[in-house]
Amino acid sequence: MTDNEPQAVKARYARRDTAADEARYSLYANAAALQAQQERLRAMARIWQAHGWSSLAQRPMLEVGCGSAGNLHDLVRLGATPACLTGLELLPERAAAARALLPAGVAIVEGDAALAPVQPASQDAVLAFTLFSSLLDEGYRRHLADVIWQWVAPGGGVLVYDFVVNNPANSDVQGIPLRELSILFPGAQIHSRRVTLAPPLARRLPAPAIAPASALLWFLRTHRLTWAVKPR
């Protein structure tokens, strides 16, 4: 493991085109992004309902790499209690954006997630959305997964949303196949489903066609939503 992976992540994000990212992920302007978010939310709700959770209220939940807090905001809308939510974010400008968006009760902690002051077995769910694909150092990736796993309470889990194939147009990320998640969280009970029609394809389709195409062309879904449960 190298100690400079967080700095390398900062450098990779600094190379990104902010304006292009905003357009690509805008839920208002980009129908493909909106469809992916809605599909993901439905899948999250189904996974947790199947897990026996009738409500998200009062459940301690944390997101690693929360960005500007879109996922945490979605958790609040799904009924999570703001005071029970925590976001960890490496980049100062994104942490500031998260604080501006979320209710005051949500805690946003800035810095290296591997060093965050989170108590062991304190979280019912830890979210890692497009997190591991952004960590190119295998040793650091496994170290962070070990740290995250310690935070999870027995019977809780890690919810991973990530793409499973490499992006030939972006060498700053790498796909995370399901077998790697089984290695990152050994002993976990894995529940996984394919989601998200390949974004380059989805962006080319007219808005009304995206959801039917995703259902029909399930084999062209490029991401997985995986619930890795810690045994009781």
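Residues numbered from 1 in each chain as written. Predicted model: local features only at pLDDT ≥ 70, side-chain atom pairs only at ≥ 80, totals over all residues. Heavy atoms only, no water.

*Asks:* I'd like a rundown of the overall build of the protein chain, residues and numbers included.
*Replies:* The helix and strand tally for the protein chain stands at nine helices and seven strands. Relative to the 2.2 N^0.38 estimate, which gives 17 Å for 232 residues, the radius of gyration of the protein chain is 17 Å and therefore close to what a compact globule would have. The burial tally for the protein chain puts 47% of its 232 residues in the buried class. A sequence separation of at least 24 residues applies to 74% of the contacts in the protein chain between residues at least 6 apart. With 23 positive and 19 negative side-chain charges, the protein chain shows a spacing of 9 Å between the two charge centroids. (Helix = DSSP H or I, 4+ residues; strand = E, 2+ residues; numbered from the N terminus. Rg over C-alpha atoms; globule rule 2.2 N^0.38 Å. Buried < 20%, exposed > 50% of the residue type's maximum accessible area, 1.4 Å probe, protein only. Contact = heavy atoms within 4.5 Å. Lys, Arg positive; Asp, Glu negative; His and termini not counted. Charge placed at Lys NZ, Arg CZ, Asp CG, Glu CD.)

*Asks:* So what about the sheet that holds strand E5 (residues 152-163)? Which residues, and what values?
*Replies:* The strand order across the open sheet built from seven strands is E3-E2-E1-E4-E5-E7-E6, with neighbouring strands paired in mixed fashion. Sheet topology places strand E3 (107-110) and strand E6 (189-197) at the edges, where each strand pairs with a single neighbour. When strand polarity is set aside, the average angle formed by the axes of neighbouring strands in this sheet is 15 degrees. Sheet analysis places strand E1 (residues 61-64) next to strand E2 (residues 85-89), joined by four bridges and oriented parallel. Considered in E2, the bridge of Glu 63 is made with Gly 87. Strand contacts of helix H3 (residues 31-50): E1, strand E4 (123-129), E5, E6 and strand E7 (221-229), with the helix running at about 160 degrees to E6, the strand carrying the most contacts. Along the sheet, helix H6 (residues 138-151) contacts E1, E2, E4, E5 and E7; its crossing angle with E5, the most-contacted strand, is approximately 140 degrees. (Pairing = 2+ DSSP bridges. Axes fitted to C-alpha atoms, helices over the stretch in contact; angles between N-to-C directions.)

*Asks:* Tell me about H6, and please be specific about residues and values.
*Replies:* If you check H6, its first and last C-alpha atoms are 20 Å apart, about what 14 residues at 1.5 Å a residue would give, namely 20 Å. Along H6, the residues that are buried comprise Tyr 140, Arg 141, Leu 144, Ala 145, Val 147, Ile 148, Trp 149 and Trp 151. With a side-chain oxygen positioned 3.1 Å from the backbone nitrogen of Gly 139, the residue opening H6 is Asp 137. (Expected span 1.5 Å × (residues − 1). Polar contact = N/O pair within 3.5 Å; in protein donor to acceptor, adjacent residues only side chain to side chain.)

*Asks:* For the packing of aromatic side chains, give the residues involved together with the corresponding values.
*Replies:* A ring pair, where both rings are aromatic, is described by two values, the distance of the centres and the angle of the planes. Scanning all chains against the criterion turns up seven aromatic pairs. Here the aromatic cluster, defined as three or more aromatic residues joined through ring pairs, consists of Trp 48, Trp 53 and Trp 227. Arg 40 extends its terminal NZ or CZ atom over the ring of Tyr 161, reaching a point 4.6 Å from the ring centre. In this structure, Lys 230 is placed above the aromatic ring of Trp 149, and the distance from its NZ or CZ to the ring centre is 5.2 Å. (Phe/Tyr/Trp six-rings, centres within 6.5 Å; stacked < 30°, edge-to-face > 60°. Lys NZ or Arg CZ within 6 Å of the ring centre and 35° of its normal.)

*Asks:* Tell me about the pattern of salt bridges, residues and numbers included.
*Replies:* Enumeration according to the criterion identifies nine salt bridges in this entry. Here Arg 16 makes a salt bridge to Asp 21, at a shortest N to O gap of 2.9 Å. The partner of Arg 142 in a salt bridge is Glu 138, with the nearest N and O atoms 3.0 Å apart. Of this pair, Arg 142 and Glu 138 both sit in helix H6, four residues apart, which is roughly one turn of the helix. Take Glu 138: its relative accessible area is 41%, and that puts it in the partly exposed class. (Salt bridge = Lys/Arg side-chain N within 4 Å of Asp/Glu carboxyl O.)

*Asks:* Please provide a residue-by-residue account of the packing of H3 against helix H4 (residues 70-77), values included.
*Replies:* It is at 12 Å that the axes of H3 and H4 come closest, and there the two elements cross at 55 degrees. By the angle class used here, H3 and H4 are oblique. The handedness of the crossing between H3 and H4 is right-handed. For the pair H3 and H4, contact is made by Gln 37, Arg 40, Leu 41, Met 44 and Trp 48 and by Asn 71, Asp 74, Leu 75 and Arg 77, respectively. Of the residues belonging to the contact of H3 with H4, the class tally is four nonpolar, two polar and three charged. (Parallel < 35°, antiparallel > 145°, perpendicular 65-115°, else oblique. Left-handed = near helix turned anticlockwise from the far one by under 90°. Nonpolar A, V, L, I, M, F, W, Y, C, P; charged D, E, K, R; others polar.)

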